[in-house]
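Descriptive analysis of the structure
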Amino acid sequence: MSNDIVFLYPGQGSQHVGMGFDLYQIYPEAREIFKRADHLLDFSLSKLCFEGPKETLNQDLNAQLAVYTVSCIITEVLRAQDVFPDVVSGYSSGFYAAAYAAGCFDFTDGLSLVRQAGEIILDESRKIDGSMAVIFGLPPEKVVNICQQAGNAQVSILNTPRQTIISGTGSSVRRAMDLSLKEGALDAYPLYVGSAYHSRFIEQSEFRFLREIKNINLRDPQIHIVSYLSLDSVPKGTELRSIMAAQLSRPVLWVDLIKRLRSNNTRLFIEVGPGKVISRTVRWIDRDIEIMNTANKASLLTTVERYRRLRDSNRSAKNSLKSFESKEQTRCK
């Protein structure tokens, strides 16, 4: 797998009021995609992104739809600047934008998938009073033991080597936070989400989502798309369907994913979407990784320039190699 350039897509948690507005003012791609989103959803997602209110934007499904939309907009703006990835992946619901970038479906089909998945997960979570929390400063294996002691809780996301997210029933998650602090955690605090994402407690969401999307046409990826669950490239659209469903109720192996991508000699990681959450986690995993972000117009343009320098450097290196090989062939004759 050649992966000089990796695009990483954020999920829920990267949203903020004002997201996408500077792009909307400048790029026709942004105006067109926001228009399509507003029409499909039958409410003004663009206004919610630009003006809030924050409390409404932060609601689980609204946040997921907003981050997906802005991430797709940035993908199209980058394409217009001839910036393309070799490999893509995404964090939690960011995987849908990654699949869009890989050519597996168009924007509106992806938006429908995000909405379907989000509605199913929220429905399943209402049955268990699901919640999530962040445990900071303990190794993951220690957090696993704490969750077992707490009861109905489990590790759901391995964010960094020292930051673990847990999911479960509300009472068990609170118990796990208390136990973590007693065991020496630097911090433990709840996430204000409406579901026990990426856990066995919403396992039925996997089967329900798979039934919902069984007739949706998913194209084979045009570039490598790597799952945060299997840590492998997904070769076919048919396999993508089962991977997307499975990822709903199974852990996000983010640390392992970044290390896997890094091991393939990646030259540049680019966070494609609002905010800088992904950039921060990547730096916590490996300080030597070069990662750029596209959180606003200024950072996007800086990223485009860095990509072009890297591309020109690669072309120069290839031309030098061809010249050397040509001279060697001539010398050996």
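Residues numbered from 1 in each chain as written. Predicted model: local features only at pLDDT ≥ 70, side-chain atom pairs only at ≥ 80, totals over all residues. Heavy atoms only, no water.

Details of the side chain of Ser14
In this fold, Ser14 is placed in the loop between β1 (5–9) and α1 (21–26). Ser14 gets classed as buried once you look at its relative accessible area, which sits at 4%. (Helix = DSSP H or I, 4+ residues; strand = E, 2+ residues; numbered from the N terminus. Buried < 20%, exposed > 50% of the residue type's maximum accessible area, 1.4 Å probe, protein only.)

What about the environment of Thr75?
Its place among the elements puts Thr75 in helix α5 (residues 60–80). In this view, Thr75 contacts Tyr9, Tyr100, Ala101 and Val272; residues no more than four positions away in its chain are not counted. (Contact = heavy atoms within 4.5 Å.)

Digging into a positive patch on the surface
On the surface, Lys276, Arg280, Arg283 and Arg287 cluster together into a patch of positive charge. Considering the arrangement of structural elements, one finds Arg287 in the loop between α13 (277–285) and β9 (291–293). (Patch = residues over 30% accessible without salt bridge, like charges linked within 9 Å, V, L, I, M, F, W, Y side chains within 5 Å. Areas by Shrake-Rupley, 256 points an atom, 1.4 Å probe, with all protein chains shown as cover. Salt bridge = Lys/Arg side-chain N within 4 Å of Asp/Glu carboxyl O. Lys, Arg positive; Asp, Glu negative; His and termini not counted. Charge placed at Lys NZ, Arg CZ, Asp CG, Glu CD.)

Notes on helix α10 (residues 203–212)
Burial in α10 covers these residues: Ser205, Glu206 and Phe209. The arc that holds every buried residue of α10, seen down its axis, measures 105°, which confines them to one face. (Arc of directions from axis to C-beta.)

Describing the sheet that holds strand β5 (residues 163–169)
Spatially, four strands are ordered β4-β5-β3-β6 in an open sheet, and the strand pairing comes out antiparallel. This sheet does not close on itself; its edge strands, each paired only once, are β4 (153–160) and β6 (187–191). For this sheet, the mean angle separating the axes of adjacent strands, direction not counted, is 25°. Across seven bridges, strand β3 (residues 130–136) lies against β5 in antiparallel orientation. (Pairing = 2+ DSSP bridges. Axes fitted to C-alpha atoms, helices over the stretch in contact; angles between N-to-C directions.)

A closer look at the side chain of Ser172
On the secondary structure map, Ser172 appears in helix α9 (residues 170–182). Beyond its immediate chain neighbours, meaning those up to four positions away, Ser172 contacts Ala150, Gly151, Asn152 and Ala153.

A word on the pairing of strand β8 (residues 268–271)
Neither face of β8 is open: one carries Leu268 and Ile270, the other Phe269 and Glu271, and all of them are buried. Bridge count for β1 against β8 is four bridges, and the pairing is parallel. Bridging from a neighbouring strand, Phe7 pairs with Ile270 of β8. Of the pairings in the sheet, the one linking β8 to β9 comprises three bridges and is parallel in character. The residue of β9 that forms the bridge with Phe269 is Ile291. In this region the chain leaves β8, passes through α13 and returns to the parallel neighbour β9; the handedness of that crossover is right-handed. (Right-handed = clockwise from strand over helix to strand, strands pointing away.)

Focus: the environment of Thr303
Within the secondary structure, Thr303 is located in helix α14 (residues 297–332). When the C-alpha atoms of Thr303 and Asp232 are compared, they prove to be 27 Å apart, with 71 residues separating the residues in sequence. Residues within four places of Thr303 in sequence aside, it is in contact with Ile270, Met292, Asn293 and Thr294.

Quick notes on the sheet that holds β1
The five strands are arranged β7-β2-β1-β8-β9 in an open sheet whose pairing can be described as parallel. Every interior strand has two partners, whereas the edge strands, β7 (224–225) and β9, have only one. Sheet strands in contact with helix α12 (residues 254–263) are β1, β2 (87–90) and β8, and its direction is about 165° off that of β1. Each of β1, β8 and β9 touches α13; the most contacted strand, β9, lies at about 170° to it.

Structural notes on unusual backbone geometry
Cis geometry marks the peptide bond from Gly52 to Pro53, where omega comes out at 10°. Within the secondary structure, Pro53 sits in the loop between α3 (45–51) and α4 (54–57). With a phi angle near 65°, Asp42 is a residue other than glycine that sits in the positive phi range. Residue placement: Asp42 occurs in the loop between α2 (28–41) and α3. Unusually for a residue other than glycine, Leu231 sits at a positive phi of about 65°.

Concerning the packing of aromatic side chains
Here the structure, examined in full by the defined rule, presents nine aromatic pairs. Note on Tyr68 and Phe107: the rings are 5.4 Å apart at their centroids and 15° apart in plane angle, and the pair reads as stacked. Of the two residues, Tyr68 is situated in helix α5 and Phe107 in helix α7 (residues 107–126); the sequence distance between them amounts to 39 residues. Across the pair, Phe107 and Tyr68 agree in class, each one buried. An aromatic cluster of at least three residues, connected via ring pairs, comprises Phe21, Tyr24, Phe34 and Phe50. Seen from the ring of Trp284, Arg287 lies directly overhead, with NZ or CZ sitting 5.2 Å from the centre. (Phe/Tyr/Trp six-rings, centres within 6.5 Å; stacked < 30°, edge-to-face > 60°. Lys NZ or Arg CZ within 6 Å of the ring centre and 35° of its normal.)

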